[in-house]
Amino acid sequence: MTVATSADRSGVSLNGLIDLQRYPLDHLDGEAGRELIAQCREQLAQDGCVVLKRFVPEQALSRLERETERLSPEAHYNQTETNPYNSDADPDQPASHPLNRFDDRTNGFVAGDRIDADTIIRQVYENPEFQRFIASVVGMEEIHQYADPLADLVINVLREGCQHPWHYDTNEFIVTMMTRQSHGGGRFEYAPGIRSPEGENFAEVEKVIDGDRSRLKSLDLQPGDLQVFFGRYSLHRVTPVEGDKERHTVIFAYAKEPGFIGRPERAQRIFGRMAPVHESLQKEGMSRNDALAD
């Protein structure tokens, strides 16, 4: 295992937390580091998704899984009926239209303020070398941790029967790490670039919802795999979990600008509560530097 030459702001290096032999985040300016970034960018440009297999080294996988197993009872579950756009139905469109296609969405989320500073996932999330790597891969000068104490680092918990039906992401990119796979189901499926800023492409979306798999890709994610995904233009879902083993995925949340805080009503819905900062925003009114709906 390569010994990292630098440590993060809290004095904890990436050595032992990720496989630095395979993924030299401690030497991104070297030939291997530049090649890694180029490969990730090429894959993202091709289909909006890149998976770094066994990002966490073998000797840390058991610890990684135990972390989210220990925290999973803290998950708040919410169940809704939603269409791919998280919007209301459109009575002017036929029942078959994607805007009028609703499905069950049941998810559990462990909030960031429940995730300890000494966990692998927290140490990786806050590490400047990891952040620099992600920024380089997604083509940004820099990225910033959420200032939101609940939504900065989140564990998604799916128990038997839970699913995340067809949807898009409102943020430009998402970074996730599988820490525990279910016995069955729980597959990540996506239709790369099915829509664009120029149009929704409803006809093709309807085909996917109807079961056409001709343009779908499916990922066999395993514990320790890191995924970077552009989900704003790629329709995607997690199929229903089968069996009594929960599916755990960590979400690393970053923003273009510092100080990002999610909307109070979203915190209440996803986590079942608000942090003091959300309560203050609710009283004072919220000012955001983007036009996203959530």
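Below is a short write-up of the structure. (Residues numbered from 1 in each chain as written. Predicted model: local features only at pLDDT ≥ 70, side-chain atom pairs only at ≥ 80, totals over all residues. Heavy atoms only, no water.)

1. Some details on the pattern of salt bridges
Scanning the entire structure with this criterion turns up 20 salt bridges. A salt bridge links Asp-210 to Arg-101, with the nearest nitrogen and oxygen atoms 2.7 Å apart. Placement of the pair is Asp-210 in the loop between helix H5 (202–209) and strand E10 (217–219) and Arg-101 in the loop between strand E2 (76–82) and strand E3 (103–110), with a sequence separation of 109 residues. Relative accessible area serves as the criterion here: at 51%, Asp-210 is assigned to the exposed category. With a shortest N-O distance of 2.8 Å, Glu-189 and Arg-213 are connected by a salt bridge. Of this pair, Glu-189 sits in strand E9 (residues 188–191) while Arg-213 sits in the loop between H5 and E10, and the two are 24 residues apart along the sequence. Residue Glu-189 is classed as buried on the basis of its relative accessible area of 6%. If you follow the salt bridges from partner to partner, you end up with Glu-74, Asp-113, Arg-114 and Arg-273 in one network. (Salt bridge = Lys/Arg side-chain N within 4 Å of Asp/Glu carboxyl O. Helix = DSSP H or I, 4+ residues; strand = E, 2+ residues; numbered from the N terminus. Buried < 20%, exposed > 50% of the residue type's maximum accessible area, 1.4 Å probe, protein only.)

2. Remarks on the side chain of Arg-195
Tracing the backbone through its elements, the reader meets Arg-195 in the loop between E9 and H5. The exposure class assigned to Arg-195 is buried, which follows from its relative accessible area of 15%. Within the structure, Arg-195 has its side chain in polar contact with the side chain of Glu-200 (distance 3.0 Å). With residues near it in sequence (within four places) discarded, Arg-195 still touches Tyr-85, Tyr-168, Glu-200, Arg-232 and Tyr-233. (Polar contact = N/O pair within 3.5 Å; in protein donor to acceptor, adjacent residues only side chain to side chain. Contact = heavy atoms within 4.5 Å.)

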